Amino acid sequence: MSAPTLTSVEASPNPHAHSARTASALSWAQIRGAMPDALRKLNPKEMVASPVLFVVEVGAVLTTGLAITDPSLFAILITIWLWATVLFATLAESIAESRGKAQASSLRATQKQTTARKVIAASGTSKLTSGFTRMATEDVPSASLAVGDVVLVSAGETIPGDGDVVEGAASVDESAITGESAPVIRESGGDRSAVTGGTVVLSDTIAIRITAPAGSTFVDRMIALVEGSERQRTPNEIALNILLTSLTIIFLLAVVTLQPFAIYSGSPQSLLVLVALLVCLIPTTIGALLSAIGIAGMDRLVQRNVLAMSGRAVEAAGDVDVLLLDKTGTITYGNRRATDLLVATGATIEELAGAARLASLADETPEGRSVLVLIDEKFSGPGAEPLADILGAELVPFSAHTRMSGIDLAGPDGLRIRKGAASTVARWVHSTGGVTPDQIETLVDGVSMTGGTPLVVAQQYGSGPARVLGVIHLKDVVKEGLRERFDELRAMGIRTIMVTGDNAITARAIAAEAGVDDVLAEATPEDKLVLIRREQAGGRLVAMAGDGTNDAPALAQADVGVAMNTGTSAAKEAGNMVDLDSDPTKLIEIVRIGKQLLITRGALTTFSIANDIAKYFAILPAMFMVVFPQLEVLNIMGLSSPESAILSAVIFNALIIVVLIPLSLRGVRYRPVAASALLRRNLLIYGLGGLIAPFIGIKLIDLLTSLLPGIG
Amino acid sequence: MAIGQISVLLIALAAVHLPLGAYLARVYTSPKHLRVERAGYRLMRVDADAEQKWSSYLFSLLGFSMASLLFLYALGRLQNHLPMSLGVSAFDPAGAWNTAVSFVANTNWQWYSGEAAAGHFYQMAGLAVQNFVSAAVGISVAIALIRGFQRSGTDGRLGNFWSDLTRTCVRVLLPMAFLGAIVLLATGVIQNFDSHTAVQTVTGATQSVLGGPVASQEVIKELGTNGGGFFNANSAHPFENPTPISNLFEIFLILVIPFTLPRTFGIMVGDKRQGWAILSVMSSLWLASVALLTWAEMSGPGAVARAAGGALEGKELRFGTAGSALFAAATTGTSTGAVNAMHDSLTAPGGGVAIFGMLLGEVAPGGVGTGLYGLLMLAIVAVFVGGLMVGRTPEYLGKKIGRQEITLVALYILTMPLLVLVGTAVAIATPAGQAGIQELGPHGLSEVLYAVTSAANNNGSAFAGLTAATPFYNTLLGVAMLAGRFIPIALVLALAGRFASQRTTPTTAGTLPTHQPLFVGLVAAVTVVIVGLTFIPVLSLGPIVESLT
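Along every chain, residues carry numbers that run from 1 in the direction the sequence is written. For this description, chains carry letters from A and ligands carry numbers from 1, given in the order in which they are written. Only residues with pLDDT of at least 70 get local features here, since the model is predicted, and only at 80 or more are side-chain atom pairs given and counted; chain-wide, interface and lining totals rely on the full set of residues. As a rule here, side-chain values come from all non-hydrogen atoms in the structure, and water together with hydrogens is ignored.

The name given to chain B in an unreviewed UniProt entry is Potassium-transporting ATPase potassium-binding subunit, with the source organism recorded as Sanguibacter gelidistatuariae. UniProt positions are given in the numbering used here, feature names are shortened, and annotations may be inferred rather than shown by experiment. In its Subcellular location (unreviewed entry) section, the UniProt entry covering chain B states "Cell membrane". Word for word, the UniProt comment on chain B under Function (unreviewed entry) is "Part of the high-affinity ATP-driven potassium transport (or Kdp) system, which catalyzes the hydrolysis of ATP coupled with the electrogenic transport of potassium into the cytoplasm. This subunit binds the extracellular potassium ions and delivers the ions to the membrane domain of KdpB through an intramembrane tunnel."

In the annotation of an unreviewed UniProt entry, the entry for chain A reads Potassium-transporting ATPase ATP-binding subunit, and the organism field reads Sanguibacter gelidistatuariae.

*Asks:* Provide a residue-level description of the overall build of chain A, including the pertinent values.
*Replies:* Helix numbers and strand numbers start at the N terminus; a helix is a DSSP run of H or I with at least 4 residues, a strand a run of E with at least 2. Scanning chain A from N- to C-terminus turns up 25 helices and 22 strands. Over its C-alpha trace chain A gives a radius of gyration of 34 Å, far above what one expects of a compact globule, namely 27 Å for 712 residues. Each of the three principal axes of chain A carries a C-alpha extent, and together these read 120 × 60 × 45 Å. Type-normalised accessible area, obtained with a 1.4 Å probe on protein chains alone, sets the label of each residue: buried when under 20%, exposed when over 50%, and partly exposed for intermediate values. Across the 712 residues that make up chain A, the buried fraction comes to 55%. For the radius of gyration, the atoms used are the C-alpha atoms, and the globule rule reads 2.2 Å times the number of residues raised to 0.38.

*Asks:* Which residues make up the overall build of chain B, and what values do they have?
*Replies:* On a plain count of helices and strands, chain B comes out with 19 helices and four strands. For chain B, the C-alpha radius of gyration of 22 Å lies close to 24 Å, the compact-globule estimate for 549 residues. Residues count as neighbours in contact if any of their non-hydrogen atoms are within 4.5 Å of one another. Sequence-distant contacts, at least 24 apart, represent 78% of the contacts inside chain B between residues at least 6 apart. Areas reported here follow the Shrake-Rupley algorithm with a probe of radius 1.4 Å; residue values treat only the protein chains shown as occluding. Of the accessible surface of chain B, which amounts to about 17800 Å², a share of 68% is contributed by carbon and sulfur atoms. Charge separation in chain B, taken as the distance between the mean sites of 27 positive and 24 negative side-chain charges, equals 17 Å. Charge convention: Lys and Arg are scored as positive, Asp and Glu as negative, and His as well as the terminal groups of each chain are ignored. By convention, the point assigned to a charge is CZ for Arg, NZ for Lys, CD for Glu and CG for Asp.

*Asks:* Explain the packing of helix H6 (residues 120-150) of chain B against helix H8 (residues 214-223) of chain B to me, using residue names and the numbers behind them.
*Replies:* Residue and element names in this part refer to chain B. Following both chains from N to C, one finds H6 and H8 inclined at 30°, their axes separated by 9 Å at the closest point. In terms of axis orientation, H6 runs roughly parallel to H8. Remark: the crossing between H6 and H8 carries left-handed chirality. Facing Gln123, Met124, Leu127, Ala128, Asn131 and Phe132 of H6, the residues of H8 in contact are Gln217, Ile220 and Lys221. Across the contact of H6 with H8, the residue classes tally to five nonpolar, three polar and one charged. Axis definition: a line fit to C-alpha positions, over the contact stretch in the case of helices; interaxial angles, taken between N-to-C directions, run 0 to 180 degrees. Relative orientations are named as follows: roughly parallel for angles under 35 degrees, roughly antiparallel for angles over 145 degrees, roughly perpendicular for angles from 65 to 115 degrees, and oblique for any other angle. Should the near helix be turned anticlockwise from the far one by less than a right angle, the crossing is termed left-handed; should it be turned clockwise, right-handed. Under the grouping applied here, Gly and all other residues not named as nonpolar or charged are polar, the nonpolar ones being Ala, Val, Leu, Ile, Met, Phe, Trp, Tyr, Cys and Pro and the charged ones Asp, Glu, Lys and Arg.

*Asks:* Please give an account of the environment of B:Lys315 that cites residues and values.
*Replies:* Residues and elements named next belong to chain B. Here Lys315 shows up in the loop between helix H11 (302-308) and helix H12 (320-333). Exposure remark for Lys315: the relative accessible area of 10% places this residue in the buried category. Taking the C-alpha atoms as reference, Lys315 lies 9.3 Å from Ala325; in sequence the two are 10 residues apart. Contact partners of Lys315, with chain neighbours within four places excluded, come to Glu297, Thr321, Ser324, Ala341 and Leu346. In terms of polar contacts, Lys315 uses its side chain to reach the side chain of Glu297, at 2.7 Å. In protein, a polar contact means a hydrogen-donor-capable atom and an acceptor-capable atom, both N or O and within 3.5 Å, with residues adjacent in sequence counting only if both atoms are side-chain atoms; elsewhere, any N or O pair within 3.5 Å suffices.

*Asks:* Got a sec to walk through the UniProt feature "transmembrane region" (unreviewed entry) in chain A? Specific residues and values, please.
*Replies:* Residue and element names in this part refer to chain A. Mapped onto this structure's residue numbering, the UniProt feature "transmembrane region" (unreviewed entry) falls at residues 48-68, 74-92, 238-259, 271-295, 616-639, 645-663 and 683-701. Taken as a whole, residues 74-92 contains 100% helix and 0% strand, while its terminal C-alpha atoms sit 27 Å from one another. Taken end to end, residues 645-663 has its terminal C-alpha atoms 27 Å apart, with 100% of it in helix and 0% in strand.

*Asks:* I'd like to hear about the sheet that holds strand E8 (residues 200-201) of chain A, residue by residue, with values.
*Replies:* At least two bridges found by DSSP between two strands is the condition for calling them paired. Taking strand neighbours across the sheet as the criterion, the three strands line up as E6-E5-E8 (chain A) in an open arrangement whose pairing is antiparallel. Unpaired on one side and paired on the other, strand E6 (184-187) and E8 of chain A mark the two borders of the sheet.

*Asks:* Before we move on, could you go through the pairing of strand E21 (residues 560-564) of chain A and cite the residues and values that matter?
*Replies:* Residue and element names in this part refer to chain A. Judged by how many residues are buried, E21 sits mostly within the fold: five of five residues are covered. In E21, alternate side chains face the same way, and those of Val560, Val562 and Met564 on one face and Gly561 and Ala563 on the other are all buried. By definition, the crossover connecting two strands over a helix is right-handed if that path, from the first strand to the second, turns clockwise as seen with the strands pointing away from the viewer. Tracing the backbone out of strand E20 (residues 542-546), into helix H21 (residues 552-557) and back to the parallel element E21 gives a crossover that is right-handed. Once you follow E21 into helix H22 (residues 569-574) and on to strand E22 (residues 577-579), the crossover reads as right-handed.

*Asks:* Residue-level account of H6(B), with values.
*Replies:* Residues and elements named next belong to chain B. Expected span of a helix: the number of residues minus one, times 1.5 Å. Along its 31 residues, H6 runs 43 Å from first to last C-alpha, staying within 8% of the 45 Å computed at 1.5 Å per residue. The seven residues ending at a residue and the seven starting there each receive a fitted axis; the angle between those axes is the bend at that residue. A bend of about 30° at Gln130 is the largest found in H6. Extensive coverage of H6 is indicated by the burial of 26 of its 31 residues.

*Asks:* Mind laying out the pattern of salt bridges, listing which residues take part and the relevant values?
*Replies:* Any carboxyl oxygen of Asp or Glu within 4 Å of a side-chain nitrogen of Lys or Arg constitutes a salt bridge here. Following the criterion strictly, the structure yields 40 salt bridges over all chains and no others. A salt bridge links A:Arg40 to A:Asp37; the nearest nitrogen and oxygen atoms lie 2.6 Å apart. One end of the pair is A:Arg40 and the other is A:Asp37, both in helix H3 (residues 28-40) and three residues apart, which spans about a single turn. With relative accessibility at 45%, the residue A:Arg40 sits in the partly exposed group. On the basis of relative accessible area, A:Asp37 is assigned to the buried category, the value being 15%. The salt bridge partner of A:Arg495 is A:Asp518, with a shortest N-O separation of 3.3 Å. You can see A:Arg495 sitting in strand E18 (residues 495-499) and its partner A:Asp518 sitting in strand E19 (residues 518-520), a full 23 residues away along the chain. Given a relative accessible area of 35%, A:Asp518 falls into the partly exposed group. Look at the salt bridges and you will find they share partners, linking A:Asp319, A:Asp321, B:Arg392, B:Glu395 and B:Lys400 into a network.

Below, the structure is given as structure tokens:
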């Protein structure tokens, strides 16, 4: 039960540390570290899962036999490079996994066995919501906690397991999980009740009802995920593997049947050469990098502090057609801000500004503070009352009952100021015998029409009739740069729908300002669910972010449901991703990562297949030039000898895997443009590039291998 | 000459395919039955309005084909007892099997010479009927696949096989064949029931000339991309193909339905641009093949051929080199197999192009129906790779290409190379296979490769040279024809069923566009590269080595 040390915080998955590591190329240390695991993966039992590599390994075993029974430099070199091909493939996977392993070990540090203070009488008190802190406790090992147990955790103690706060509030250090060092508040009730085992309470005492049994907590799942131990092939990866397998079978057929044709033509080929040809033709490049690409895709999410509970969700993210975004906190800053003062007839701007300022001086809400900021910036003038006046004043806080807030000054005049919704302030004014001018109604409607919230300000001296001074225009402020991001999404073919509890007019005004495509106004959680179902019935994939318990059904229904880490356990359970930073705009980034994952697979598949053309030009003339000297025409690379040509092709085939490991870990560059532009670009780079690169590469290698005695 | 013919042909095809494509779409979507069709359904005791799932559609198709096969086998074995048998003897079991498979599978490979071994009744009641129905089977499968794309979230029903089969015959093939036969008669193709007539030749010798119902059979031979000739000389025979005009018209007949079906596809899936894209792939591949073949034959090997205006060996002078090259490109690009010249005598590169045209899987433009579904399968492979490169799970026409879909497509893509490579290897490695080879060296390999390729792709044309009328080749090629026809059909129908039950994903800006030139290029490239990579080793020892000699 120790507070986290500085080192453990540093070792935690800090997004910045990770991005720095990604940017750098492969280091020798990384390769050395991954090597033992890469060698272990050579086990044929593991290799069968990837038929392409299995064929290479079988080929390498065969040539090893040949190199032993009939040794020659050519046979030995081919054998060495075939083994290198397999090893480079397993190395790629091991390097991809090694990043996750480092993360997992730092997470494990949070999993130390702790002692929990379990409330004895709590079992069978599931309906109880208070009074736990006064109950008797017993010390039990954290591993023995069961779902439904209630434990007490005080300042300085580590939370023994995942759960919901059922009583009290505390600040919690979650840096071990999120990498974010600023403590967060966790309190009972509401949407910020979930706590994670392994995090540390910094202040106060809270009662926590355990929601996950030991061994399947959030951290356990996180470790399994980043380590890749639970990695299952995703649907698209499986589909691609099937395609690659069928290509492998086709090439196997082409090479196996080549021997009878070669015998007929009077030029039987050695097994060594046939194996070399086969390995060069089958899609080894993508076959070798396929799992590394998948692991690295998940890892890119982890680097951005998003945990995907399944690889399927990451792939689905690339396919998303519709994004549901909550207005508050995602599209707008979440707090309305005062943007203008509108004066009523018979009042002056100074009066209004002064009254609004006074009424807001003691208002600690962001809205209240924004009124002060507005007045200081735009309306500061002689109307500002000296601060001394409010000493001894009585604050009237906002309550659900009165739906107004304000201030009653103590002075002889007995100045009372109220601000609030138009209808409630009007009622107050009438109750004092005052009247609201008709013009106020126009002002209020004007503000509402543009999506703002009108706050009417009125004041009363003594027991005289109250007088309306004007209207404060409160507005939801849309975050900067969102319009551009929504434009990007539109270019990618993704529709954005803003979800809000506001009325339709307000919602539409904000939607227009933010540039979203559609609005769901006055939305209840049920509406959200209905909307998702309707979109899905139209064949569209839906992504959303949410944190509340009432978001849980929608999160579960969505194809990509991103739960905020600050949210409730129910939400985290329902979603298929958790964002540790609790930033709902990250949905956009998740979509990009999903697309990047798929593009990387497609690009390297194209590259791999395009490579084969050059290899034919290298190997076929080399095989048959002895009987058919006219095939020399096909030796357009001018390779020095048959042995050198074949060896160069095999070496190129192996080295290209190593060259492409960084790309497969980093992912192909993705820009949010229309699909046709994306296809053109990638076909040009990976299709045409894949066609040309091996001609150059094989020629360069040939220049070196031709120097070898007996080869060149 | 070459350019003129091709231009006339292209203009005619372009003009006909629009109305014909729309007509075909109506044929397969109309809810009404004709009276004659109703009578047929009553006779067959089928409910033509009952929609079938893919499996039941397939079983109907296989059952029908199996019955046809047995019927044709029986006719062949018993043909000496049939009326108008012209005194021919019965086929031996291997020969009867081979011919039965060959005509049921729309291959129409002929190990026998038509005039010497087949009687009129066998030709008309057996072979000509299969020319119609086997073509109709191919078109039905293509239509079923289109319905798979068309439907969304259903229980996987694809229409009714009996209805598709009957309508194709009654509303499409019969009327078109009737019109076509009249045109052929006008060009001089014969139509009678004459048996052998003795005629005096110019040199004074006596020759026995056979008549027969040729025009009626010739027209469906081309229209249904069948290819089995009434005479051994096939479309080189003056009774089958008397003039350059009839030659061009027969080429038109070969190509018209394969080049029309993309239009039907575009109309039925509700996006004509998709049809244009498929048509563009087919035509660019086919035109490339025409250009290469024409160049190869016109520039001929050596100075003699160049002086004569092309390689003339094995060609009919009345068609000329260009007319022969164009016919060769049409017959190997579709799975027709009719020939108007000896393909064995094509120049080495020309023969290579002809083989490559078949190895493409008969998709440029391919056989009736088979061409469309074959190319759609390749389009799915292109979509799979291209779709990934735009960052989405690949989808074609709103249908996601997941694990099961790609498995079916992969098996489809595997079938033909498996049959061709293993079949050729077995033939080349066994004494029985080697016995049939006429010319040793690379050309001998080309002969065997051509024969097996032709059978596995249901083309049916022969390179000649190869003596294939042996039990070994009859059996081997029979297996290749049967497997090469019905395994792909089963896979296509299974895929169509999956598509029909899959919900269609709406198109967005993020969807891979499948109607743009870029996609056309991608599909063409995928087709050529996959075929090229698979067959370059064997081609390099046959036609490529020959060409470089």
